[in-house]
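Tertiary structure, described
Take a look at the letters that make up each chain.
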Amino acid sequence: MVRTADFDQDGDLDVVVASFDLIAWYENLDGLGEFSDAIPIQEGKGQSFSLCPADFNNDGHIDLVVSFFDADEVQWHHNLGDGTFVNQLLDFGLLIAGGVSAADLDGDDGMDIVLGVTNGNGLYWIENLDGLGTFGTRIVINASISQSRAQAIGDIDGDMDILTNSNGSSYLSWYENVDGLGSFANQHIIDPLGLYENYVYLFDINGDGDLDVLSAALSNQGRELVWHENLTILGVEDNDLENRVSIYPNPVQNKLIIESDLAIYNVSIFDLVGRLVLEEKESVNQIDLSAMTSSVFLVKIET
């Protein structure tokens with residue numbers, strides 16, 4: 001497992017590596033990719049499984065959380081500020097600890113931790129109680145999910161939600177943070193055919209302003225690398241204007257037709273840099289656009 005972060009606060013990205021019996025970081029000496037020899041963080045603990053860099057005590061220094069495959073525990077490593085780390089036990093008795101991720105799940109400005117179980121069942125989060133690295137006990141997100149080896153945390157629909165794999169059940173799913181305070185809803189399955197997906201990510205892949213899902217699998221019958229478009233912009237249950245306003249044709253030749261069972265009192269048309277090019281307060285059901293140059297425009301309809 002490899003991650004990057006500025007561990008020594010010199011303005012460039014360093015590298016941290018977790019391998020068998022060794023967790024170490026490599027200093028980026030010149031900011032151009034010339035690295036130091038390995039600087040040990042912890043040795044002799046056993047096989048580490050996952051690691052996550054973040055500032056867990058709000059001191060401005062990037063710390064590290066690590067889960068261990070052999071030791072059945074999770075530790076966080078406090079960065080004193082110069083890349084010197086102090087190891088602290090976070091959780092244990094997980095059978096075999098799996099993926100770890102970090103984000104402020106409850107909106108209190110403290111980095112909380114999400115963790116899964118590699119050879120068993122369970123997906124949990126641990127609250128950073130004071131924002132200073134004092135952690136509570138495990139809170140169950142899903143006690144039955146099998147082999148949650150990887151997670152990603154991001155704003156899928158309005159707050160910090162959780163994306164995770166399930167190698168035991170072979171699916172990819174997400175959990176909605178329903179109140180922004182760490183109360184997670186039932187599982188939403190994204191891909192029921194997600195076989196052996198060991199890596200999951202949240203990126204805006206198509207540039208439409210929301211986070212899409214990217215997954216990578218060791219072997220998935222020709223679906224080793226898959227992305228899923230996020231279509232959750234406004235749910236139908238929240239949209240009481242569904243199918244009540246329509247405009248056509250698109251593209252427009254001469255007249256734009258607007259049909260609505262709501263009273264329309266204003267129509268504004270803007271170009272793509274936001275300039276108002278036409279406004280109509282009368283005859284709003286048919287608007288003559290024949291004099292406009294060919295382009296793409298935005299239509300604002302006020303009811």
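Up top is the structure.
To start, this report covers the structure provided alongside it. A quick note: this is a predicted structure, and the numbers were derived from the prediction, not measured. (Residues numbered from 1 in each chain as written. Predicted model: local features only at pLDDT ≥ 70, side-chain atom pairs only at ≥ 80, totals over all residues. Heavy atoms only, no water.)

1. Observations concerning the side chain of N128
Mapped onto the elements of the fold, N128 is located in strand 9 (residues 121–128). The class of N128 is buried, set by a relative accessible area of 0%. Polar contacts involving the side chain of N128 include one to the main-chain amide nitrogen of G131, which spans 3.1 Å. Contacts of N128, omitting those with residues within four sequence positions, involve F56, D108, G110, M111, D112, G133, T134 and F135. (Helix = DSSP H or I, 4+ residues; strand = E, 2+ residues; numbered from the N terminus. Buried < 20%, exposed > 50% of the residue type's maximum accessible area, 1.4 Å probe, protein only. Polar contact = N/O pair within 3.5 Å; in protein donor to acceptor, adjacent residues only side chain to side chain. Contact = heavy atoms within 4.5 Å.)

2. As for a nonpolar patch on the surface
A contiguous nonpolar patch, built from Y199, Y201, F203, I205 and W227 and spanning about 480 Å² of accessible area, is present on the exposed surface. Among the elements that line the nonpolar patch, the one with the most residues is strand 15 (residues 197–203), at three residues. As for its position among the elements, F203 is in strand 15. (Patch = residues over 30% accessible without salt bridge, like charges linked within 9 Å, V, L, I, M, F, W, Y side chains within 5 Å. Areas by Shrake-Rupley, 256 points an atom, 1.4 Å probe, with all protein chains shown as cover. Salt bridge = Lys/Arg side-chain N within 4 Å of Asp/Glu carboxyl O.)

3. Section: the environment of Y265
Within the fold, Y265 resides in the loop between strand 19 (255–260) and strand 20 (266–270). Taking the C-alpha atoms as reference, Y265 lies 5.9 Å from T303; in sequence the two are 38 residues apart. Discounting residues that sit within four places of it in the chain, Y265 has contacts with K281, E302 and T303.

4. Regarding unusual backbone geometry
Following Y248, the chain continues to P249 via a peptide bond in cis, the omega torsion being -5 degrees. Looking at where P249 falls in the secondary structure, it is placed in the loop between strand 18 (245–248) and strand 19. Here N250 and P251 are connected by a cis peptide whose omega angle stands at 10 degrees. Within the fold, P251 resides in the loop between strand 18 and strand 19. The phi dihedral of D21 falls on the positive side, at around 65 degrees, and the residue is not glycine. Considering the arrangement of structural elements, one finds D21 in strand 2 (residues 14–26).

5. Side note on the sheet that holds strand 23 (residues 298–302)
A sheet is described by the order of its strands in space; here three strands give the open sequence 21-20-23, paired in antiparallel fashion. The strands lining the two open edges of the sheet, one partner per strand, are strand 21 (276–280) and strand 23. Each strand of the sheet is rotated relative to its neighbour by a mean of 15 degrees, with strand direction disregarded. Pairing analysis gives four bridges linking strand 20 to strand 21, with the strands arranged antiparallel. When the sheet's bridge partners are listed, I269 is paired in strand 21 with L278. (Pairing = 2+ DSSP bridges. Axes fitted to C-alpha atoms, helices over the stretch in contact; angles between N-to-C directions.)

6. Concerning the environment of V267
For V267, the location among the structural elements is in strand 20. Relative accessible area serves as the criterion here: at 1%, V267 is assigned to the buried category. Residues V267 and I301, spaced 34 residues apart in sequence, show a C-alpha to C-alpha distance of 4.7 Å. Among all residues touching V267, those that are not within four sequence positions of it are I258, L278, E279, E280, V284, I287, V299, K300 and I301.

7. Regarding the nonpolar core
Core analysis: the biggest nonpolar cluster contains 15 residues, and F56, V65, I113, L115 and F135 have the highest contact counts within it. For this core, the leading source of residues is strand 8 (residues 112–117), giving three residues. (Core = buried A, V, L, I, M, F, W, Y, C linked by side-chain atoms within 4.5 Å.)

8. Quick look at the sheet that holds strand 13 (residues 171–177)
As summarised here, the arrangement of the four strands in space is 11-12-13-14, forming an open sheet in which the pairing is antiparallel. Both outer strands of the open sheet, strand 11 (151–155) and strand 14 (184–191), are each paired with one neighbouring strand and no more. When the angles between neighbouring strand axes are averaged without regard to direction, this sheet yields 25 degrees. Inspection of the sheet shows strand 13 paired to strand 14 by five bridges, in the antiparallel sense. Within the sheet, the bridge partner assigned to N177 lies in strand 14 and is F184.

9. As for the pattern of salt bridges
Here the structure, examined in full by the defined rule, presents two salt bridges. Ionic pairing is found between R275 and D271, a salt bridge with its closest N-O pair at 2.8 Å. Salt-bridge contacts for E279 lead to K281; the nearest nitrogen and oxygen are separated by 4.0 Å. On the basis of relative accessible area, K281 is assigned to the exposed category, the value being 57%.

10. What to know about the packing of aromatic side chains
For the structure on display, the rule yields six aromatic pairs. With 6.1 Å between their ring centres and 65 degrees between their planes, F56 and F135 make a pair best called edge-to-face. With F56 in the loop between strand 3 (39–54) and strand 4 (63–68) and F135 in strand 10 (residues 135–146), the pair connects residues that are 79 residues apart, well separated along the chain. Like F56, the residue F135 is buried in the burial classification. Taken together, the ring pairs connect F7, W25 and F85 into an aromatic cluster. Lying over the aromatic face of Y124, R138 brings its terminal NZ or CZ to 5.3 Å of the ring centre. (Phe/Tyr/Trp six-rings, centres within 6.5 Å; stacked < 30°, edge-to-face > 60°. Lys NZ or Arg CZ within 6 Å of the ring centre and 35° of its normal.)

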